[in-house]
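Fold and geometry: a report
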Amino acid sequence: MLFEILKAIILGIVEGVTEFLPISSTGHLILVDEFVKLSSDKAFTTTFEYVIQLGAIFAVVLLYWRRLWPFGSDKTEKQRFNIWATWVKVVVGVIPSVVIGFLLNDWMDQHLMTWQVVSAALIFYGIAFILIENFQKNRKPRVSTVGHLTLGDVIKIGLFQVLSIIPGTSRSGATILGGLSIGVSREAAAEFSFFLSIPTMLGVSVLKIGSYLHDHGMFSGEQIAVLLVGMIVSFIIAYVVIKWLLKFIQTHDFKAFGWYRIILGVVVVIFGFLGVIH
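Described below are features of the structure shown in this document. Model, not experiment: these values are computed from the prediction.

1. Quick word on the overall build of the chain
Across its full length, the chain holds 12 helices and zero strands. Helices and strands in the chain line up, N terminus first, as α-α-α-α-α-α-α-α-α-α-α-α. Relative to its length of 278 residues, the chain is compact, with a C-alpha radius of gyration of 19 Å against a globular reference of 19 Å. Considered along the principal axes of its C-alpha atoms, the chain spans approximately 50 × 45 × 35 Å.

2. Quick look at the pattern of salt bridges
Scanning the model with the defined rule gives six salt bridges in all. Residues joined in a network through salt bridges with shared partners are Arg 66, Asp 74 and Lys 75.

3. Focus on the side chain of Ser 172
Within the secondary structure, Ser 172 sits in helix H9 (residues 171-181). Within the local environment of Ser 172, its side chain forms a polar contact with the backbone oxygen of Glu 19, the two atoms lying 3.4 Å apart. A distance of 3.2 Å separates the side chain of Ser 172 from the side chain of Ser 170, its partner in a polar contact. Residues contacting Ser 172, with those up to four places away along its chain left out, are Glu 19, Phe 20, Leu 21, Pro 22 and Ser 193.

4. Comments concerning the packing of helix H7 (residues 115-136) against H9
Orientation of H7 relative to H9, taken along the N-to-C sense of each, is 25°, at an axis distance of 10 Å. Regarding the angle of H7 to H9, the classification is roughly parallel. Read as a crossing pair, H7 and H9 show a hand that is left-handed. For the pair H7 and H9, the contacting residues are Tyr 125, Ala 128, Phe 129, Ile 132, Glu 133 and Gln 136 in the first and Gly 173, Ile 176, Leu 177, Leu 180 and Ser 181 in the second. For the contact of H7 with H9, the class distribution of residues is seven nonpolar, three polar and one charged.

5. Topic: the packing of aromatic side chains
The tally for this structure, following the rule as stated, stands at 18 aromatic pairs. Centre to centre, the rings of Phe 20 and Phe 194 are 5.5 Å apart; their planes meet at 85°, and the pair counts as edge-to-face. Of this pair, Phe 20 sits in the loop between helix H1 (2-18) and helix H2 (25-35) while Phe 194 sits in helix H10 (residues 186-216), and the two are 174 residues apart along the sequence. Residue class for Phe 194 comes out buried when judged on its relative accessible area of 0%. With a centroid separation of 5.8 Å and an interplanar angle of 80°, the aromatic rings of Phe 71 and Trp 84 are classed as edge-to-face.

6. Some details on the layout of surface pockets
In this structure, the second largest pocket encloses a volume near 280 Å³. Lining of the second largest pocket is provided by 19 residues; of these, Glu 133, Gln 136, Arg 139, Pro 141 and Arg 186 occupy positions nearest its centre. Counting only elements with at least two residues in the lining of the second largest pocket, the list comes to H7 and H10. Among the elements that make up the lining of the second largest pocket, the one with the highest residue count is H7 (three residues).

7. Thoughts on helix H4 (residues 53-63)
If you check which residues of H4 are buried, you get Gln 53, Leu 54, Gly 55, Ala 56, Ile 57, Ala 59 and Val 60. Of the surrounding elements, those touching the buried residues of H4 are H1, helix H3 (42-51), H10 and helix H11 (221-248).

8. Structural notes on the nonpolar core
Core analysis: the biggest nonpolar cluster contains 61 residues, and Phe 20, Phe 48, Leu 149, Phe 192, Phe 194, Phe 195 and Phe 254 have the highest contact counts within it. Ranked by residues supplied to this core, first place goes to H10 with 10 residues. Contacts of Phe 20, omitting those with residues within four sequence positions, involve Ala 56, Val 60, Arg 171, Ser 172, Phe 194, Ser 197, Met 201, Ala 238, Ile 242 and Leu 245. Ranked by size, the runner-up nonpolar core spans eight residues in total, among them Ile 30, Val 118, Leu 264 and Val 268.

9. Notes on helix H12 (residues 255-274)
With 20 residues, H12 extends 29 Å between its outermost C-alpha atoms, agreeing within 8% with the 28 Å of an ideal straight helix rising 1.5 Å per residue. Regarding H12, the residues found buried are Phe 257, Gly 258, Arg 261, Ile 262, Leu 264, Gly 265, Val 268 and Gly 272. At its buried positions, H12 is contacted by H2, H7 and H11. Just downstream of H12, Gly 275 is the residue with a positive phi angle, here 80°.

10. Regarding a nonpolar patch on the surface
On the surface, Val 91, Ile 95, Val 98, Val 99, Ile 100, Phe 102, Leu 103, Leu 104, Trp 107 and Leu 207 cluster together into a nonpolar patch covering about 910 Å² of accessible area. With nine residues, helix H6 (residues 77-111) is the single largest residue contributor to the nonpolar patch. Along the chain, Val 99 falls in helix H6.

Rules used throughout
Residues numbered from 1 in each chain as written. Predicted model: local features only at pLDDT ≥ 70, side-chain atom pairs only at ≥ 80, totals over all residues. Heavy atoms only, no water. Helix = DSSP H or I, 4+ residues; strand = E, 2+ residues; numbered from the N terminus. Rg over C-alpha atoms; globule rule 2.2 N^0.38 Å. Salt bridge = Lys/Arg side-chain N within 4 Å of Asp/Glu carboxyl O. Polar contact = N/O pair within 3.5 Å; in protein donor to acceptor, adjacent residues only side chain to side chain. Contact = heavy atoms within 4.5 Å. Axes fitted to C-alpha atoms, helices over the stretch in contact; angles between N-to-C directions. Parallel < 35°, antiparallel > 145°, perpendicular 65-115°, else oblique. Left-handed = near helix turned anticlockwise from the far one by under 90°. Nonpolar A, V, L, I, M, F, W, Y, C, P; charged D, E, K, R; others polar. Phe/Tyr/Trp six-rings, centres within 6.5 Å; stacked < 30°, edge-to-face > 60°. Buried < 20%, exposed > 50% of the residue type's maximum accessible area, 1.4 Å probe, protein only. 1 Å grid on protein atoms, 1.4 Å probe; cavity = no way out; pocket = protein on both sides within 12 Å on 5 of 7 lines; lining within 4 Å. Points joined across faces, edges and corners; volume = space filled by probe spheres on them. Core = buried A, V, L, I, M, F, W, Y, C linked by side-chain atoms within 4.5 Å. Expected span 1.5 Å × (residues − 1). Patch = residues over 30% accessible without salt bridge, like charges linked within 9 Å, V, L, I, M, F, W, Y side chains within 5 Å. Areas by Shrake-Rupley, 256 points an atom, 1.4 Å probe, with all protein chains shown as cover.

Okay, structure coming up:
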């Protein structure tokens, strides 16, 4: 039991660090899972890797509570209107990935969760980040805040998020890249990516839990403990990482993450050919 908890802590740290950075949590978890086997039950391990994202969601909610919660006597009518407008944008932006993700969820797990797909996505989008940052260099962003996003902008970013159903792409990476490509500032692109994560990750987690319960029955006491530990750790780490990222992109671009993705993708390829990962 203690050993499983320690492994849950390690995986929770990996999830918390990688979920909101555009570097693919899936790519990292595939590598880590080869060395830190959470469970012999593959179905539970897959469920765990999705459910610990709930901890990361709570980090976003806590950090942006005042900007996302429209109720309370301390809010003016204008503030309430702006908050509801933000939620409308989030709902519109998440529709494409909800529809397509629901249809392709099982097929994706069966056919795309391979080191070949993950490494290709890591490298491809790493190059894309470098190219888009070079293209946008010295260009003034067309949209500087989430409040200035139009529904057209939101739909385009939502379509980019659909790309994240391919393992190794990174949900945050796809949405941030989409935002940058249509002239959204780094800060606004990152923040809207955080907001989109709430319904997206919540929906995926609920779907995975429901699928597991349907196919395998209730979680055991040990499994519940492992899930809770992973969620708590990912919450704490994600909270710190989000604050760090927002400060980082005030003075830096995303090219460093692009190079990191390329290097990680090459590592995945090497490990794949050596048979270290399967």
